[in-house]
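Commentary on secondary and tertiary structure
So you can see what is in the structure, the chains are spelled out below.
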Amino acid sequence: MNKNNFALLGGKPTFSRKIPVGQLYFPEWNRYESAMRGIFDRRYYTNQGPLVQQLEQKLETYLKAKHVICVTNATIGLMMAAEALSLSGKVILPSFTFIASAQSLSWVGIKPVFCDINPLTHQIAIDQLDSLIDDKVTGIMGVNLWGGACDPIKLEKYAQQRGLKLFFDSAQAFGGTVENTKIGNFGSVEVFSFHATKVLSSAEGGCLSTNDDLLAAKLRNIRSSYGAGHPVSITKTSNGRMSEAQAAIGLMSLEDFPKNQKNNKTLFNIYKNRLDTIPGIKLIEPAGVTQSNYQYIVCEIDESLFGLSRDALIKVLKAENIIARRYFYPGAHRSVDYISMFQNNTASLPVTERLCETCIQFPVGALVDENVVGAISDIVENSHLNAKMLNAFLIGK
Ligand code: T4K
């Protein structure tokens, strides 16, 4: 690419179709068709059908967890977890996360307390938890971000010492391992997302994993489904059921997970080799794991070295049909109702604030191959080399 053919400046876009972030894995049509035929033959759409049961068993084996409970998405899974754990008052979680982490607490009447994050790993700053604890705090929601982990072993010790309940939003962490233990076995319960953009997808969907028999029984009852096992005392029930069509896609995605994980890792390494040579770009390695799903190509942009702001780079890429995203913006603490709470609060979240303005997520997943990564890296590099001209066009700098 020479400096005159940026699509932003009128050149032809590099890609003729949009390249989004997210795994977006679609199994071959014939496999899907045959799974759907089975559902039609059985005339059984939902309510803990045979495919959901199969998926739960396979996930239990894969995660080496005693109980897996499939749900319709991770947001409802997180709400169910908070309810089943009888959390109340306040729960601490990182502010640098998808809004659903905090919203799930609000839905069950719990006030989220936002903690800042470690600038190197982007995971919750465990050393700052003490300053946030008061007598209303009943638990901690760890969030395993960017295919990494938030040091669940240290968090387990911390929560135990202070008598707090601990559970994990592992929406982004499927397939990760921490010191030979699969993510899915830490805290009281972990929640995964199987959204279309996730490395393991059932279109919409998710699951909870726990090694606690009583908690599992509660969760099954709260989800509201057949096969709930022995009845246990719960105060609320919901509908978090996964359908058979979701489970069919989930089963294919689980079967193909090793292939997708391997492809992501290859692409991650190519990005790393290319982006590490460009001034002002820092690629975040999945933290604290011995194995990652490599599903997040997240970088920090230092405008003073790169030449363009994160938002300007997103505009340049968008014109080329590369749909890079600014996860997370504006940050959970500045969303919905939390902004007033945050402004009235003396606590500050400087690392989160900075990252919400500087983080960019590049495409990876099933729609991306080595050539696509090469082309994206070329554009990023050329954007740096031509930053002055692009800035002049974008903001008259
Ligand atoms: N906790 C954490 C830490 C999470 O990251 C999430 C979800 C949750 C909890 C809650 O899990 P769920 O309740 O969703 O199971 C996306 C996803 O919707 C969301 O699942 C994910 N995190 C979040 C980080 O990203 P959006 O609104 O940014 O995604 P969206 O729809 O813009 O899609 C991304 C790109 O993919 C777009 O360019 C369009 C493209 N796309 C998307 C879909 C769904 C396709 O090409 N095909 C598709 O089918 O939230």
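As the structure is a computational prediction, the values presented were derived from the model and not from experiment. (Residues numbered from 1 in each chain as written. Predicted model: local features only at pLDDT ≥ 70, side-chain atom pairs only at ≥ 80, totals over all residues. Heavy atoms only, no water.)

Examining the environment of L9
What counts here: Helix and strand assignments come from DSSP, with helices taken as H or I runs of at least 4 residues and strands as E runs of at least 2, each series counted from the N terminus.
Mapping L9 onto the fold places it in the segment before strand 1 (19-20). On a C-alpha basis, the gap between L9 and A319 in space is 8.8 Å, while along the polypeptide they are 310 residues apart.

What to know about the site of the ligand
Note the following rule: Put simply, a residue is near a molecule or strand once any heavy atom of it comes within 4 Å of that molecule or strand. Two N or O atoms count as a polar contact when they lie within 3.5 Å, although within protein this holds only if one can serve as hydrogen donor and the other as acceptor, and sequence-adjacent residues are included solely when both atoms are side-chain atoms. We get accessible surface area from the Shrake-Rupley algorithm with a probe of 1.4 Å; when it comes to residues, only the shown protein chains can shield them. The method works on a 1 Å grid over the protein atoms by themselves. A cavity is a set of points holding a 1.4 Å probe that cannot get out, a pocket is an open set with protein on both sides within 12 Å along at least five of seven lines, and residues with an atom within 4 Å of a point line them. Pocket or cavity membership: a molecule qualifies when more than half of its atoms sit within 2 Å of the grid points of that site. Each residue receives one of three labels: charged for Asp, Glu, Lys and Arg, nonpolar for Ala, Val, Leu, Ile, Met, Phe, Trp, Tyr, Cys and Pro, and polar for the others, Gly being one of them.
Looking at the ligand, there are 22 residues lining it, with T75, D169, S193, R325 and Y327 nearest. Separating an oxygen atom of the ligand from a side-chain N or O atom of T75 is a distance of 2.5 Å. Look at the ligand: alone it shows 930 Å² of surface, and the protein chains cover 73% of it. Applying the majority rule of atoms within 2 Å of the grid points places the ligand in the largest pocket. Split by residue class, the shell around the ligand holds ten nonpolar, nine polar and three charged.

Here we look at the pairing of strand 4 (residues 111-115)
Consecutive side chains along a regular strand alternate between the two faces of the sheet. The criterion, for reference: The buried label applies to any residue whose accessible area, calculated with a 1.4 Å probe on protein chains only, is under 20% of its type's maximum; exposed applies above 50%, and partly exposed to all values in between. Criterion used throughout: strands pair if DSSP finds at least two bridges between them. Whether a crossover is right-handed depends on one test, that the path from the first strand over the helix to the second runs clockwise when the strands point away from the viewer.
Summarising burial for strand 4: four of the five residues are buried, a large majority. Two elements, strand 3 (residues 90-94) and strand 4, share five bridges in a ladder whose sense is parallel. Pairing of I92 across the sheet is with V113, part of strand 4. Handedness of the crossover is the feature at issue here: the chain leaves strand 3, passes through helix 4 (residues 99-107), returns alongside strand 4, and the resulting connection is right-handed.

Some points on the pattern of salt bridges
Test applied: Each salt bridge in this description consists of a side-chain nitrogen of Lys or Arg and a carboxyl oxygen of Asp or Glu lying within 4 Å of one another.
All chains considered together, the criterion is met by 18 salt bridges. In this structure, K66 engages D213 in a salt bridge whose closest nitrogen and oxygen atoms are separated by 2.9 Å. Of this pair, K66 sits in the loop between helix 2 (50-63) and strand 2 (67-71) while D213 sits in helix 6 (residues 213-223), and the two are 147 residues apart along the sequence. Given a relative accessible area of 47%, K66 falls into the partly exposed group. The residue R162 makes a salt bridge to D130 at a minimum N-O spacing of 3.1 Å. Residue R162 is found in helix 5 (residues 152-162), and its partner D130 is found in the loop between strand 4 and strand 5 (137-143); the two are separated by 32 residues along the sequence. With relative accessibility at 35%, the residue R162 sits in the partly exposed group.

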